[in-house]
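# Structural characterization, general
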Amino acid sequence: MARAGHRGQARYVNAVLRRLAGAPPAWPDPERDPVGWATTRGSHPAWIVEDALARLGPQQLVALVEADNARPEVSLRATPGRTTRDELLAELAEAGLAARPSPLSPDCVTLERGDPGALAAVREGRAVVQDAASALIAPAVGASPGDLVADLAAGPGGKAGHLAALGARVLAVERNRRRARLVADTASRLGVADRLHTVVADGRRPPLRPGQADAALVDAPCTNLGSLRRRPEARWRHGPDDVAGLVELQLALVEAAADAVRPGGTVLYSVCTWTTAETEEVVAELLRRRDDLRLDETRQLWPHRNGADGMFLAQLFKVR
Ligand SMILES: C[S@@+](CC[C@H](N)C(=O)[O-])C[C@H]1O[C@@H](n2cnc3c(N)ncnc32)[C@H](O)[C@@H]1O
């Protein structure tokens, strides 16, 4: 209750206080005003909502925002060669933890509750915390055991570690020294340090001869809009003005990957986002620039459709 000062001012302040203490604000109805709802109750910045509306339409916009704001479950990926998904499920059941197989990745289980850091399988590197959409990336590179795979944006090493566990020899290139150390830690924990070599370097100029690698992965820096369930703050980290710079970096990294791969090899481009500029348009521009690449397949995953991160992946083939 305000008392000091002019009596009119006190009446005004008290009226505001009564209003604030009263009924909560009425949020826009998601059916009648999906954009208004998404930008207020849904806590999504307007530029993201506009992009999602253009891609998905109003009904799916609401479903996406609800999925982005839902509590994320923990996804564990079995480390190939160390354990299988079924063994992991049995181990979790024995520890009294409810888990179910992921419908998206044959290597993942979804943990309903529990601290993954407390699990022996995770501590010992037989399993890692990895989203089911991310777990699709290393197998999609299509490398054979013994192949040399260049990962040109590798930190903290989730996918590089997966590639090495699948039998590839991996050169993990990471510009950030701290994140490069995390890749090396991942390699030791998974028991693949003999096959996973980390260098601190700019992936746009990797320490590789042209055509030296059998395959390359560019899991590029992006707006991260596909991982808002797990990283809610990511929605505020980038604005629409950042997209052009990210696209430029993404294109430069994939072009460096294409140079490093031998004819007949694959280049896998992935980003954990769904903006058209960073997905379909990057691929279209790449194919405009280079006639030595052929597009095999693209796939966009969505939190509201797949119950996983909104990853985009494009499999490219080096034709000559
Ligand atoms: C999306 S993250 C990669 C995640 C990783 N593939 C994984 O599964 O753990 C992108 C990484 O690229 C790194 N990066 C950014 N610009 C780079 C550059 N020019 N060269 C090499 N790495 C770069 C970032 O520091 C970041 O660690």
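Predicted model only: the values in this text are computed from it and were never measured.

This part is about the sheet that holds strand E5 (residues 148-151). The seven strands lie next to each other as E7-E6-E5-E8-E9-E11-E10, forming an open sheet whose pairing is mixed. Edge positions in the sheet fall to strand E7 (196-200) and strand E10 (293-300), since each of these pairs with one other strand and no more. With strand direction ignored, the average angle separating the axes of adjacent strands in the sheet is 15 degrees. The pairing of strand E8 (residues 213-219) with strand E9 (residues 261-271) spans six bridges and is classified as parallel. Within E9, the position partnered with Leu-217 by the bridge is Leu-268. Against the sheet, helix H11 (residues 243-260) makes contact with E5, E8, E9, E10 and strand E11 (312-318), and its axis sits at roughly 155 degrees relative to E9, the strand it touches most. Its contacts with the sheet place helix H12 (residues 280-289) against E9, E10 and E11, and it is angled at close to 175 degrees to E10.

Membership of the largest hydrophobic core comes to 90 residues, with the highest contact counts inside it found for Val-149, Ala-150, Leu-163, Ala-216, Val-218, Ala-257 and Val-267. If you tally residues by element for this core, the top one is H11, at 10 residues. Taken together, domain 1 (74-129) and domain 2 (134-318) each give at least three residues to this core, which thus spans both. Sequence-distant contacts of Leu-163, that is, excluding residues within four places in its chain, are made with Ala-138, Val-141, Ala-143, Val-149, Asp-151, Ala-168, Val-170 and Leu-217.

The full set close to the ligand counts 18 residues, and Ala-153, Gly-155, Gly-158, Gly-203 and Asp-219 are the nearest of them. Looking at the shell around the ligand, its residues break down into six nonpolar, five polar and seven charged.

So, about the packing of helix H8 (residues 158-165) against helix H9 (residues 177-190). Close contact between H8 and H9 brings their axes to 9 Å; oriented N to C, the two are set at 35 degrees. Here H8 runs over H9; the crossing is right-handed. In contact with Ala-160, Gly-161, Ala-164 and Ala-165 of H8, H9 contributes Val-183, Thr-186, Ala-187 and Leu-190. In terms of residue class, the contact of H8 with H9 is made up of six nonpolar, two polar and no charged.

Turning next to the packing of H11 against H12. Two elements in contact, H11 and H12, have axes separated by 10 Å at closest approach and are oriented at 45 degrees. Viewed along their axes, H11 and H12 adopt a mutual orientation that is oblique. For the pair H11 and H12, the crossing hand works out as right-handed. Residues Val-247, Gln-250, Leu-251 and Val-254 of H11 form the contact with H12, whose participating residues are Val-282, Glu-285 and Leu-286. Class assignment for the residues of the contact of H11 with H12 results in five nonpolar, one polar and one charged.

One can read the domain layout of the protein chain as domain 1 (74-129) and domain 2 (134-318). Taking the mean C-alpha position of each, domain 1 and domain 2 sit 24 Å from one another. With 11 residues of domain 1 at the interface, the matching set in domain 2 holds 11 residues. Residue classes in the side of domain 1 that touches domain 2 are distributed as four nonpolar, four polar and three charged.

Relative to the assigned elements, Glu-297 resides in strand E10. C-alpha of Glu-297 to C-alpha of Thr-110: the two residues are 187 residues apart in sequence and 27 Å apart in space.

What follows covers unusual backbone geometry. The residue after Gly-155, namely Pro-156, is reached through a cis peptide bond having omega 0 degrees. Checked against the element boundaries, Pro-156 lands in the loop between E5 and H8. Of note, Ser-43 is a non-glycine position whose phi angle comes to about 50 degrees, a positive value. With respect to the helices and strands, the residue Ser-43 is situated in the loop between helix H2 (34-39) and helix H3 (46-56). The partly exposed category is assigned to Ser-43, around which 14 C-beta atoms lie within 10 Å. One non-glycine residue, Asn-224, adopts positive backbone phi at about 60 degrees. Mapped onto the fold, Asn-224 is located in the loop between E8 and helix H10 (234-237). With 20 C-beta atoms counted inside 10 Å, the residue Asn-224 sits in the buried group.

What counts, and where the lines are drawn
Residues numbered from 1 in each chain as written. Predicted model: local features only at pLDDT ≥ 70, side-chain atom pairs only at ≥ 80, totals over all residues. Pairing = 2+ DSSP bridges. Helix = DSSP H or I, 4+ residues; strand = E, 2+ residues; numbered from the N terminus. Axes fitted to C-alpha atoms, helices over the stretch in contact; angles between N-to-C directions. Contact = placed C-beta atoms within 7 Å. Core = buried A, V, L, I, M, F, W, Y, C linked by C-beta atoms within 7 Å. Buried ≥ 20, exposed ≤ 12 C-beta atoms within 10 Å, placed from the backbone. Domains from an automatic or database assignment. Near = placed C-beta within 6 Å. Nonpolar A, V, L, I, M, F, W, Y, C, P; charged D, E, K, R; others polar. Left-handed = near helix turned anticlockwise from the far one by under 90°. Parallel < 35°, antiparallel > 145°, perpendicular 65-115°, else oblique.

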